[in-house]
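Residues per chain, in single letters:
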Amino acid sequence: MKTKVHAALDGMGLQLLTESSAIASNLLSCIRYPQGMGPQNILPAMKDKGWILAAGLHPECAGDYFRIGHMGYSVTRKPEYITQLLQDLESVVKK
């Protein structure tokens, strides 16, 4: 699932917080906010679409990124959830 998520993010022009996908977690993606956007743009818009995305936590860069999980139920039982989340994220980012 990590590969699918990272490919979709790349297609949206979004960057991971890590230096490369190779060293990123298999269970969680930390995504930099697009230039000109921040938590106030992404998180509420995604909540309006029914998704809860997590804000960044690292004290040095918490306002620079958000997190999405791709583990458990959303991978093993309902992978279409991740597909829909990525479609909704793209619509928010492309506004």
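Structure shown above.
The rules behind the values
Residues numbered from 1 in each chain as written. Predicted model: local features only at pLDDT ≥ 70, side-chain atom pairs only at ≥ 80, totals over all residues. Heavy atoms only, no water. Buried < 20%, exposed > 50% of the residue type's maximum accessible area, 1.4 Å probe, protein only. Helix = DSSP H or I, 4+ residues; strand = E, 2+ residues; numbered from the N terminus. Arc of directions from axis to C-beta. Contact = heavy atoms within 4.5 Å. Salt bridge = Lys/Arg side-chain N within 4 Å of Asp/Glu carboxyl O. Core = buried A, V, L, I, M, F, W, Y, C linked by side-chain atoms within 4.5 Å. Lys, Arg positive; Asp, Glu negative; His and termini not counted. Axes fitted to C-alpha atoms, helices over the stretch in contact; angles between N-to-C directions. Parallel < 35°, antiparallel > 145°, perpendicular 65-115°, else oblique. Left-handed = near helix turned anticlockwise from the far one by under 90°. Nonpolar A, V, L, I, M, F, W, Y, C, P; charged D, E, K, R; others polar.

In this section: helix α1 (residues 2–11). Every buried residue belonging to α1 is among K2, V5, H6 and L9, and all of these are buried. Take α1 and look down its axis: the buried residues cluster within an arc of 95 degrees, on one side only. Facing away from the buried side of α1 by more than 90 degrees, the exposed set consists of T3, A7 and G11. In this structure, the buried side of α1 is in contact with β1 (28–32), β3 (65–69) and α4 (79–93).

On to the pattern of salt bridges. Across all of its chains, the model carries one salt bridge by this definition. Note that E80 and K78 form a salt bridge whose closest N and O atoms lie 3.8 Å from each other. In this structure E80 comes out as partly exposed when scored by relative accessible area, which is 42%. K78 gets classed as partly exposed once you look at its relative accessible area, which sits at 27%.

Grouped together as the largest cluster of nonpolar side chains are 22 residues, with contacts concentrated most on L9, I42, F66 and L89. Elements that contribute at least two residues to this core include exactly α1, α2 (39–48), β3 and α4. The biggest single contributor to this core is α4, with six residues.

Quick look at the side chain of D88 now. Counting through the fold element by element, D88 comes out in helix α4. There is no salt bridge for the buried D88, and the closest opposite charge comes from K49, which lies 4.7 Å off by N-O distance. Residue contacts for D88: discarding those within four places in its chain leaves M46, K49 and W51.

Interaxial distance between α2 and α4 falls to 10 Å at its minimum, and their mutual angle equals 135 degrees. With respect to α4, the axis of α2 lies oblique. Crossing handedness for the pair α2 and α4: right-handed. Contacts between α2 and α4 involve N41, I42, A45 and M46 from the first element and L85, D88, L89, V92 and V93 from the second. Partitioning the contact of α2 with α4 into residue classes produces seven nonpolar, one polar and one charged.

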